[in-house]
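# Coordinate analysis (summary)
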There are 2 protein chains.
Amino acid sequence: MIGRLNHVAIAVPDLQAAAAQYRDTLGAHVGPAQDEPDHGVTVVFIELPNTKIELLYPLGDDSPIRGFLDKNPSGGIHHMCFEVANILEARDKLKSEGARVLGNGEPKIGAHGKPVLFLHPKDFNGCLIELEEI
Amino acid sequence: MIGRLNHVAIAVPDLQAAAAQYRDTLGAHVGPAQDEPDHGVTVVFIELPNTKIELLYPLGDDSPIRGFLDKNPSGGIHHMCFEVANILEARDKLKSEGARVLGNGEPKIGAHGKPVLFLHPKDFNGCLIELEEI
């Protein structure tokens, strides 16, 4: 069911410093910061040859990553995203096997303009997993 | 400098259950468990179309992931590994820019038989980063 690893998302306490570090110290291709007000984050995409890293920084008062950074002030890996061909089929299969989908269970339009869902970390070895329909 | 994301490593509290979940519930290509006594882990490789997931479980009394699982009993993302063309050049550049290399600073032979180094999470947004020479 799962296909490519679309991205690994890292919550960071200083977006400009993190972007500069990936660009200058690690020598990666780093894009510009993009505000995603619908998702409560400002994002910087780092293009690797085979996948992406997304640096996430809170945007607004209700950012979903604010609590994560409160608990992890240095930052940390927040989630990883797997591509699926059909997100509703994937969701229904996962639910039938007991996995919990976060929120109301309906896909939302993610930061890339595609339908996404998040799965409960307690059901997946402590890892927050995003599924994105590609 | 950094190239492909070689893998994301996930420490898991139950290796057989985690492998079965990736194989049966998430529908991924899951390999057999492999003991890596030199690294203190038993590993299951999950082959995605563009990268790998490595499930890690402690092996032996001095496993480097025992402490992580004590702190994160459900498991969690332990590290991510970037490929580099020349690990000594990468190390020297990183050190010259103030990043700390774990251990004695000399590459070890990793689970794939290639030279690897680990970078201090505090210098990289709370993320443990492995570099592997490819």
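Everything discussed here concerns the structure shown above.
A few points on the structure. The structure displayed is predicted, hence computed values, not measured ones.

## Observations concerning the nonpolar core
Counting 63 residues, the largest nonpolar core has Tyr-22, Leu-55 and Met-80 of chain A together with Leu-55 and Met-80 of chain B as its most contacted members. With sequence-adjacent residues up to four places away left out, Tyr-22 of chain A is seen in contact with Ile-10, Gly-27, Ala-28, Val-30, Ile-46 and Leu-55 of chain A together with Ile-2, Met-80, Phe-82, Asn-125 and Ile-129 of chain B.

## Things to note about helix H1 (residues 15–25) of chain A
All names here are of chain A. Those residues of H1 lying buried are Leu-15, Ala-18, Ala-19, Gln-21, Tyr-22 and Thr-25. The opening residue of H1, the one whose side-chain oxygen lies 3.3 Å from the backbone nitrogen of Gln-16, is Asp-14. Looking one or two places after H1, you find Gly-27, whose phi comes out positive at around 65°.

## Here we look at the relation of the copies chain A and chain B
Placing chain A over chain B gives an RMSD of 0.0 Å and needs a rotation angle of 180°, together with 0.0 Å of translation along the axis. The transformation relating the two chain copies, once decomposed into turn and shift, fits a two-fold axis. Within chain A, Asn-50 of chain A has its C-alpha nearest the rotation axis, a separation of 3.0 Å. Mapped onto chain B, 97% of the interface residues of chain A are again interface residues, and the two copies thus contact each other with one and the same surface.

## Observations regarding the packing of aromatic side chains
One pass over the structure, following the stated rule, counts 2 aromatic pairs over all chains. Residues Tyr-22 of chain A and Phe-82 of chain B carry aromatic rings whose centres are separated by 6.4 Å and whose planes lie at 90° to one another, so their mutual orientation is edge-to-face. Separated into two different chains, Tyr-22 of chain A in helix H1 and Phe-82 of chain B in strand S6 (residues 76–84) make up a pair that spans both. According to the relative accessible area criterion, Tyr-22 of chain A is buried, its value standing at 0%. Overall, Phe-82 of chain B belongs to the buried group, its relative accessible area being 0%.

## Regarding the side chain of Glu-36 of chain B
For Glu-36 of chain B, the position within the fold is in strand S3 (residues 34–36). Not counting the four nearest positions on each side in its chain, Glu-36 of chain B is found in contact with Val-41, Val-43, Leu-59 and Ala-111 of chain B.

Procedures and definitions
Residues numbered from 1 in each chain as written. Chains lettered and ligands numbered in written order. Predicted model: local features only at pLDDT ≥ 70, side-chain atom pairs only at ≥ 80, totals over all residues. Heavy atoms only, no water. Core = buried A, V, L, I, M, F, W, Y, C linked by side-chain atoms within 4.5 Å. Buried < 20%, exposed > 50% of the residue type's maximum accessible area, 1.4 Å probe, protein only. Contact = heavy atoms within 4.5 Å. Helix = DSSP H or I, 4+ residues; strand = E, 2+ residues; numbered from the N terminus. Polar contact = N/O pair within 3.5 Å; in protein donor to acceptor, adjacent residues only side chain to side chain. Least-squares fit on C-alpha atoms with pLDDT ≥ 70 in both. Phe/Tyr/Trp six-rings, centres within 6.5 Å; stacked < 30°, edge-to-face > 60°.

These values are about where atoms sit, not about what they do.
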